[in-house]
Amino acid sequence: MQADPEESTSMIRPALLAVLFLGLLCSEAAFSYQVEAGSSSNEVFILLVNDQPSAPFHSISLTHAAPGIVGTATASIVPVQVEAESSDLAALQFDVLPGVALGATGQLIITLAGEAAGKAIETQVTVPLEVVESAPAAQGVVGTGVPAPDPGGVDSDGDGVTDALEVAFGSNPNDPESFPGQPFAVPALGWVGAVLLALFALAWGWVLAHAPQQGSRA
Amino acid sequence: MSVALRLTLVFTIAASLLAASLSHGATRIQLVVHIPDTGLSVTDLSGEIVGEVDGIATDALVGATPGEVLPGASLQLSVLPTPGALTWGQLDAGGDFQAGLPANGHDGHFSTPLAGAPFAQIYTPPVEFDLTGPNGAAERPLRLAVRIESSPGEAVVVSKEILLVKPPVVLVHGINSGPSAWTNFQAAFEATHGFRTYTVDHSGGSYASGPPTYGGNGDPHEVYSFVRGGIPGLVGVSDALVAFRNGDASAHPGKRIAVAKADLVASSYGGLLSRWYIEQAADYTGNVRKLITMGTPHRGTPITNMDVEALTNPTIAAADAQLLSPIVSVGGSLQIIDDFGFIRWKDGGSPQDVVPALRVMTVGSDLLAVLNEGAPFHDEVAYGSIVGTDDYIDFLLIPLLNVFNGLEPTRGLLTAQKSYFPWMPILDGGPSASDAVVPTWSQTLPARSTSVPFDHLSFHDSSTVQSIVSIWLQDSELPRGAAHRTAFQAQVIPQAASRGNAYVGSALIGTQSVGGGLVSDAINRVAFSGPTLGSSGGLPRLGPSGGVVTATLTGMSRVVSAGAPQTRTLRLVEDDVFDTTLDVLSASLDPGATPTGELFSYSLEARLGRDQSASILGPDGALSNFLGGEIWSVGYEIDGEPDYDQSPWADIDFPSFSLPTAFVPGESEPFIVTAAGSPFTLEGGVHANAGGGASQSVNALLYEDNFFSDTLLEDRTFTISTPSDAFPGILLPYSEPGYLLYKNGSGHVAGADNSSFETNADVYHYLIQPGASNPSSSNVSVDVAP
């Protein structure tokens, strides 16, 4: 008995959606940043977004705890203050020791501390590093060009991020709904996620190809 | 966002990564980090402070049972509802987040609100500022924090520094004092011990009676409100708490401190007022944590029994102050204390104003009974008492020279220390048993007390006392009211029977005035009066013509048997190298309705006078002085009572004697006499030959003074009636009118009996008195009219 194409696709679609979900899930679990042994002047650019509705984030400091694979690390950009519902750029520059083994990992812990509304606020970000033979030059929430401080820069859509930084972080400077890192900050896909996404794409294409046409049973 | 759009984004990112993967060497990583709006707020759980607070006072109190805490101020910490795991804790000295607070309670405790709000915590401070011991710091910062972990590897810690501070200390002065008594205490206590202090001013007594001056009516029913606070322009407990909450300059400037309770440190009567507020006031709100008393008469002090009697007993109150005598007399003691600035009653008032407060402190007073009987002390307040044992108040102004020698007749001029109330040791059982004002048995709260070698006026400025107070205010084991109640009521106080009044001199044994309990008799003072007595320079003065002086002896005696007169012998004495008895009174003292054991007052009159050599004499003795004028010191004794020597000395002035001249009224020398004559009255004093009530002949003569032989102008003998209280030997005044000098037919000055044979004559007054020498006056010049 020939299978009913409509029935087949109706069974397959939920399964594919499940594969997509798993793919997205795995993509986050696979988060890591790749660096090369002996590389210098690697830089972690942080778009610091102050969500406080009325209080500036000030007295900012940037400190770190580096893993063994990192040689020196220095705060290269530290904003003096980030206004309420606004953003600014911070950065940490670091070297990777030469001779570290491929596949070596470590956690670079960056702490941004400051004060807002009379409270001390300390945000800690853990950056998992992995030494690879050849690392992408730009990773994470990237757009076009290298981020640079943009004091007084134009913010066309009024979302608190200047146009220049939106471009650098890959969001639309003219769309207030488009914000760096949204809707999810998935800066890299692990191999499991990539495989699952590829499977999803292939299967979705097959489903679209075999889907019954509108009005064919009439 | 649709799945299609999400997919598009994923592919965009993937493409971007793919393109970037072709690069080598230096890389860059771009992240987006949010400073979240956690909405962390730290507020006063009581709601007394609106908005955020900056600190909290460690004003809790350890309870009676293990683990029990009587809470003080608490804070509520809360954040906005947020996804992720919340952990409450603090930042350590290195700025690192530590979950929770130390289990030993040193930094306080977190607890979950009863309502179970998932995003809130209650913070209660430690029960003392520093559980490890006294700490001189004024504040201790603590960084309370919450850690929100939104995802693995990404967490935010939000913290707020709050100040732990000691509760406000409210200082309550005693009666006859004011806030300035604490000036040095405040300076040292704040600088050295880290407390913020406030001074109550109840010197005005009743709030309704007007602005504060020294000495109010003192009735605790009303005056406790000064301790309570809330009176415009004055500071009490509630005002101190408000100052803390508002970040007032007097507290922790600019820092809003959550606080529920203050500590009280009270001196003398201030301790009773504080206790009344805590234990009796209907509007007490539980805002006191600890009360430390210094020299407070918890069971009263006999000296106030004396003072009240002195101010209310007409016999005692009517006794006049005379020179130095009131300094050592009970009746004048309050006035003297006032003179030296230690008692001030309301401006325009009188010593009576202070009676209500004094009456509160009398041994056995009704108000003390209210405080101490039944259920004294508050279960939710901790108490401690500092007990002074120096029964001599130092009045030394100039080293080695005691200018207040008159304070106590039994002390030497060069004695360094003098008892403010010289009879105090007698009342209190001996040396070191009082602080010179309040007996130690009355100052003591037995569950926690310590003795210090200071007198009643020296507590405040003592660094030792300040340290003790500081330690106790940071001592979590300071006993609460229940423990004090048990110990206080179990205490046996033999002196509690020393109710009533006492008027005693002091007996010196060795270098101390000693005694024990109340004596049977209480000598008060000698006061002088009489028809010929004047005054000069504040001193009673008996003129050259003499006259009977009445010496009123006032005092009190204990009733041996109710209703039965008590026969006693009182001796009026003059103080000299060897004291001289002037008058001996065998008196029957009537106790009236005074019950057995109580003291009743008496007032008896003795007599004294003078002769023409300024000797002092009484019916039973005399002491001569041939050098002229003299100030005599007079006191009295009661026979058969070993508890005292004699009453304080009262001084009286007998100026040098001279017989008055024959003087024509309305004229000055030379007197001009005419043929019609100029009459005048001859005055003088005559030696009494017999006792009072009789008549006595006086022979007063006028002479003209010649070089060889004086001429008798008039020889007149007249009779005077002696006063009923006169006695032989006393000089009695006479005043005889009708003497006459005139110009006779020869143009000479003449008297009733003879002529001078002179147109100008020197005339004098001559007195013939059997039993004594015959005095004469100086001359007056008399001329005849042209």
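Residues numbered from 1 in each chain as written. Chains lettered and ligands numbered in written order. Predicted model: local features only at pLDDT ≥ 70, side-chain atom pairs only at ≥ 80, totals over all residues.

### Looking at the overall build of chain B
Our working definition: Each helix is a run of DSSP H or I of at least 4 residues and each strand a run of E of at least 2, with the numbering of both proceeding from the N terminus. Comment: burial labels come from other C-beta atoms within 10 Å of the residue's own C-beta, placed from the backbone, where a count of 20 or more is buried, 12 or fewer is exposed, and between is partly exposed.
Counting secondary structure elements, chain B contains 15 helices and 40 strands. Relative to its 786 residues, chain B shows a buried fraction of 49%.

### Notes on the overall build of chain A
Keep this limit in mind: We call two residues in contact if the C-beta atoms placed from their backbones are at most 7 Å apart.
Per the secondary structure count, chain A includes 3 helices and 9 strands. Walking chain A from its N terminus toward its C terminus, one meets helices and strands in the order α-β-β-β-β-β-β-β-β-β-α-α. Contacts in chain A between residues at least 24 apart in sequence constitute 69% of all its contacts with a sequence separation of at least 6.

### With respect to the confidence of the model for chain A
Residue and element names in this part refer to chain A. Threshold: The predictor attaches a confidence to each residue, and that confidence, scored 0 to 100, is pLDDT.
Looking at chain A as a whole, the pLDDT averages 80, with 69% of positions reaching at least 70. Ranking the elements of chain A by mean pLDDT puts helix α1 (residues 5-29) last with 49 and strand β6 (residues 86-96) first with 96. A low-confidence stretch, residues 1-6 (pLDDT under 50), is modelled with 4 contacts involving residues beyond four sequence positions or located in other chains. Within the model, the stretch residues 213-218 combines pLDDT values under 50 with 0 contacts to residues more than four positions away or in other chains.

### Considering the pairing of strand β11 (residues 139-151) of chain B
All names here are of chain B. As a reminder of what qualifies: Should DSSP find at least two bridges between two strands, the strands are regarded as paired.
Of the strand pairs in this sheet, strand β7 (residues 85-91) and β11 are connected by 6 bridges, and their pairing is antiparallel. Residue pairing in the sheet places Q90 in a bridge with L144 of β11. Bridge count between β11 and strand β12 (residues 154-165): 12 bridges; the pairing is antiparallel. Each bridged residue has a counterpart across the sheet, and for I148 the counterpart in β12 is V156.

### What to know about the environment of G555 of chain B
All names here are of chain B. As for its position among the elements, G555 is in strand β25 (residues 549-558). G555 sits in the buried class, given 29 other C-beta atoms within 10 Å. C-alpha of G555 to C-alpha of F600: the two residues are 45 residues apart in sequence and 8.3 Å apart in space.

### Some words on helix α5 (residues 269-279) of chain B
With 11 of 11 residues buried, α5 of chain B lies mostly within the body of the structure. All of the buried residues in α5 of chain B are Y269, G270, G271, L272, L273, S274, R275, W276, Y277, I278 and E279 of chain B.

### Regarding the environment of A148 of chain A
Residue and element names in this part refer to chain A. Relative to the helices and strands, A148 resides in the loop between β9 (138-140) and α2 (163-168). Note on A148: 13 C-beta atoms within 10 Å, which makes it partly exposed. For the pair A148 and A90, spaced 58 residues apart in sequence, the C-alpha to C-alpha distance is 9.1 Å.

### What to know about helix α4 (residues 237-246) of chain B
Since one α-helical turn is 3.6 residues long, residues separated by three or four positions face the same way. Residue and element names in this part refer to chain B. Burial analysis of α4 places 7 of its 10 residues in the buried class, which makes it a mostly covered element. Along α4, the residues classified as buried are V237, D239, A240, L241, A243, F244 and R245. Looking one or two residues beyond α4, the residue adopting positive phi is G247, at roughly 70°.

### Remarks on the sheet that holds strand β6 (residues 75-78) of chain B
Residues and elements named next belong to chain B. Under the convention used in this document: All axes are obtained by fitting lines to C-alpha atoms, using only the stretch in contact for helices, and the reported angles, taken between N-to-C directions, cover 0 to 180 degrees.
On the basis of which strands lie adjacent, the open sheet formed by 4 strands has the order β2-β6-β10-β9 and antiparallel pairing. Each of the sheet's edge strands pairs with one partner strand only, and the pair in question is β2 (41-44) and β9 (109-111). Averaged over all pairs of adjacent strands, the angle between strand axes in this sheet comes to 30°, irrespective of strand direction. Alignment of β9 against strand β10 (residues 120-124), held across 3 bridges, turns out to be antiparallel. Among the inter-strand pairings, H109 is bridged to a residue of β10, identified as T124.

### Comments concerning the sheet that holds strand β1 (residues 28-35) of chain B
Taken in spatial order, the 5 strands line up as β4(A)-β6(A)-β2(A)-β1(B)-β9(A) in an open sheet, and their pairing is mixed. Only two strands of the sheet have a single neighbouring strand rather than two, namely β4 (70-77) and β9 of chain A. The mean inter-strand angle of the sheet, taken between neighbouring strand axes irrespective of direction, is 25°. Where β9 of chain A lies against β1 of chain B, 3 bridges are found, and the strand directions are parallel. Bridged to G140 of chain A within β1 of chain B is Q30 of chain B.

### Observations concerning the packing of helix α2 (residues 183-193) of chain B against helix α14 (residues 463-473) of chain B
A pair of packed helices is captured by two measures, namely the crossing angle of their axes and the spacing between those axes. All names here are of chain B. Operational definition: Any angle that is under 35 degrees is reported as roughly parallel, and any over 145 degrees as roughly antiparallel; angles of 65 to 115 degrees are reported as roughly perpendicular and all others as oblique. Rotating anticlockwise by less than a right angle from the far helix to the near helix defines a left-handed crossing, while the corresponding clockwise rotation defines a right-handed one. The residue classification treats Ala, Val, Leu, Ile, Met, Phe, Trp, Tyr, Cys and Pro as nonpolar and Asp, Glu, Lys and Arg as charged. All others, Gly included, are polar.
Between α2 and α14, the shortest axis-to-axis distance is 10 Å and the interhelical angle comes to 55°. Our classification of the angle between α2 and α14 gives oblique. The crossing of α2 and α14 is right-handed. Residues F185, A188, F189 and H193 of α2 touch α14, and the partners they reach there are S463, Q466 and S470. Residues that form the contact of α2 with α14 fall into these classes: 3 nonpolar, 4 polar and no charged.

### Examining unusual backbone geometry
With an omega dihedral of -10°, the bond running from E669 of chain B to P670 of chain B counts as a cis peptide bond. Its identity as a non-glycine residue notwithstanding, S41 of chain A has a phi of 60°, on the positive side. Inspection of the secondary structure assignment puts S41 of chain A in the loop between β1 (33-36) and β2 (42-50). Judged by the 12 C-beta atoms lying within 10 Å of it, S41 of chain A falls in the exposed class. At A117 of chain A, a position not held by glycine, the phi torsion is positive, near 50°. Position of A117 of chain A relative to the elements: it lies in the loop between β7 (105-116) and β8 (119-132). Its 20 C-beta neighbours within 10 Å are what place A117 of chain A among the buried residues.

### Examining the packing of helix α3 (residues 220-228) of chain B against α5 of chain B
Residues and elements named next belong to chain B. Two elements in contact, α3 and α5, have axes whose closest approach is 8 Å; the angle formed by their N-to-C orientations is 90°. Comparing their axes, α5 and α3 come out roughly perpendicular. Seen from α3, the contacting residues are P220, V223, Y224, V227 and R228; seen from α5, they are L272, L273, S274, W276 and Y277.

### Digging into the pairing of β7 of chain A
Residues and elements named next belong to chain A. Relative to β7, strand β3 (residues 57-65) is paired through 6 bridges, and the arrangement is antiparallel. Residue H58 lies in a different strand from β7, and its bridge partner there is E115. Two strands pair when backbone bridges link them, and β7 and β8 are joined in this way by 12 bridges, in the antiparallel orientation. Of the residues in β8, the one forming a bridge with Q107 is P128. Connecting β7 to the antiparallel partner β8 that follows it, the hairpin turn spans 2 residues, and A117 within it adopts a positive phi of roughly 50°.

### With respect to the confidence of the model for chain B
In low-pLDDT regions, the fine details of the predicted coordinates are not to be read closely. Residues and elements named next belong to chain B. With 77% of its residues at a pLDDT of at least 70, chain B reaches an overall mean of 80. Here residues 336-348 is a poorly scored stretch, pLDDT under 50, and it has 26 contacts once near neighbours within four places are set aside; other chains count. This stretch, residues 495-519, has a pLDDT under 50; its non-local contacts, to residues over four places away or in other chains, come to 88 contacts. Both scores are given for the predicted complex: the pTM is 0.65, the ipTM 0.76.

### A few points about the environment of P179 of chain B
Residues and elements named next belong to chain B. Turning to its location among the elements, P179 is positioned in the loop between β13 (169-172) and α2. We classify P179 as partly exposed; it has 19 C-beta atoms within 10 Å. Considering only alpha carbons, one finds P179 and V200, 21 residues apart in sequence, at a separation of 6.5 Å. Non-local contacts of P179, meaning those with residues more than four positions away in its chain, are made with H173, T199 and D201.

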